[in-house]
Every structure is written in C-alpha cells, then in structure tokens.
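Results of the structural survey
The lines below spell out each chain.
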Amino acid sequence: MGGVSLTQVLAWPTSRHSPNRGSSIWAAMDILRASYGAKLTDAQIDIATARAIAVQANRQGEYFDFIAESSQSAGEALTRCVEVCRTIWYQRAGKIRFNRDEDKTSYALAI
C-alpha cells in the first residue's frame, strides 16, 4: 500500500451532517479508497462488514478524530483507525477484511 500524503484524513463521507462523521471505520474507508491513500476499489474491500462494524461502534458511542502523518504508510494509518473500535484489518483473497473484538459469551454469577 502507498503512503498517506494528506495531513488530515476526514471521516468518509466528509459531509458535516453525515451520520458516519467521527467513525473510525469510515476514516479507514477513506484511507483505503482515496487517491492519497491505498487507491482501492470497493470490490477490493469488505464493505458490508465495515458498515456493520461502523453501525455497532456508533451505537456504543465511539467517536474518532485522526490526523495522519505524511510519513505513515496507508497500512499504518489504517491500523490506527480500526484499533480505536477494537477491530483488526487483514487481507485475504485480494480483499481487505475486518474483524471486531466483541463479547460473544455471557457469564452468569452465582451468589
């Protein structure tokens, strides 16, 4: 992946009134798609999983502001973005995919 050459990476889409503003996942989408980032197409990104993670993070009140350094690679900037919402990114079969750390087991406390 190429380097990030813009000083500030805004949440995607960049509208002030967008419900995705402040979402670390949509900032990651910007890094992946933009001409100053990795320049990937939607077909190269697991958009459905990214959207589901963004919705979940938004419901939990997670907010994200990020300023990328021009010396960072797109991969480094992407890692910083998705770590905010307990998510990792990986590449499988030529596609960028995401996995969020979430509670899947409930424990009962017997008193």
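As a reminder, the structure under discussion sits directly above these lines.
Residues numbered from 1 in each chain as written. Predicted model: local features only at pLDDT ≥ 70, side-chain atom pairs only at ≥ 80, totals over all residues. Heavy atoms only, no water.

1. Quick look at the overall build of the chain
Quick reminder of the rule: In this description a helix means any DSSP run of H or I spanning at least four residues, a strand means any run of E spanning at least two, and both kinds are numbered starting from the N terminus. A 1.4 Å probe rolled over the protein chains alone gives each residue an accessible area, and that area as a share of the maximum for its type sets the label: buried under 20%, exposed over 50%, partly exposed in between. In this description, contact between two residues means that some pair of their heavy atoms is separated by no more than 4.5 Å. Note on areas: Shrake-Rupley, 1.4 Å probe, and residue coverage restricted to the protein chains presented here.
Scanning the chain from terminus to terminus reveals three helices and two strands. The helix and strand sequence of the chain, counted from the amino end, reads α-α-α-β-β. The buried share among the 111 residues of the chain stands at 37%. Restricting the contact set of the chain to residue pairs at least 6 apart, pairs at least 24 apart contribute 56%. Accessible surface computed for the chain: about 7000 Å², of which carbon and sulfur atoms make up 48%.

2. A few points about the nonpolar core
In plain terms, the rule: What makes a nonpolar core is a set of buried Ala, Val, Leu, Ile, Met, Phe, Trp, Tyr and Cys residues whose side-chain atoms join them at distances within 4.5 Å.
Membership of the largest hydrophobic core comes to 25 residues, with the highest contact counts inside it found for Ile25, Met29, Leu32, Ile45, Cys81 and Phe98. Those elements that provide at least two residues to this core are helix H1 (24–33), helix H2 (47–59), helix H3 (74–83) and strand E2 (95–100). With seven residues, H1 is the single largest residue contributor to this core.

3. A closer look at H1
Using the following cut-off: As used in this structure description, the phrase polar contact means that two N or O atoms lie within 3.5 Å; if the pair is within protein, one of them must be able to donate a hydrogen and the other to accept it, and residues adjacent in sequence are counted only when both atoms belong to side chains.
With nine of its ten residues buried, H1 lies for the most part within the structure. For H1, the complete set of buried residues consists of Ser24, Ile25, Trp26, Ala27, Ala28, Met29, Asp30, Ile31 and Leu32. Packed against the buried residues of H1 are H2, H3, strand E1 (87–92) and E2. Capping the start of H1 is the job of one residue whose side-chain oxygen sits 3.3 Å from the backbone nitrogen of isoleucine 25: serine 23.

4. Topic: the pairing of E2
Under the convention used in this document: A pair of strands is treated as paired once DSSP finds two or more bridges between them.
Only one face of E2 is covered, namely the face carrying Ile96, Phe98 and Arg100; the face carrying Lys95, Arg97 and Asn99 is uncovered. The sheet contact formed by E1 and E2 spans six bridges and is antiparallel. Counted as the bridge partner of tryptophan 89 is phenylalanine 98 from E2. Following E1, the chain reverses through two residues before pairing antiparallel with E2; alanine 93 in that reversal takes a positive phi of roughly 55°.

5. With respect to the packing of H1 against H3
Selection criterion: Fitted lines through C-alpha atoms give the axes, limited to the stretch in contact for helices. The angle between two N-to-C directions lies from 0 to 180 degrees. Should an angle fall under 35 degrees it is taken as roughly parallel, and over 145 as roughly antiparallel, whereas 65 to 115 is taken as roughly perpendicular and any remaining angle as oblique. Residue polarity is assigned by list, with Asp, Glu, Lys and Arg as charged and Ala, Val, Leu, Ile, Met, Phe, Trp, Tyr, Cys and Pro as nonpolar; anything else, Gly included, falls into the polar class.
Between H1 and H3, the shortest axis-to-axis distance is 8 Å and the interhelical angle comes to 170°. Accordingly, the angle class assigned to the pair H1 and H3 is roughly antiparallel. Here H1 contributes Ser24, Ile25, Ala27, Ala28, Ile31 and Leu32 to the contact with H3, which in turn contributes Ala74, Ala77, Leu78, Cys81 and Val82. Here the residues of the contact of H1 with H3 sort into ten nonpolar, one polar and no charged.

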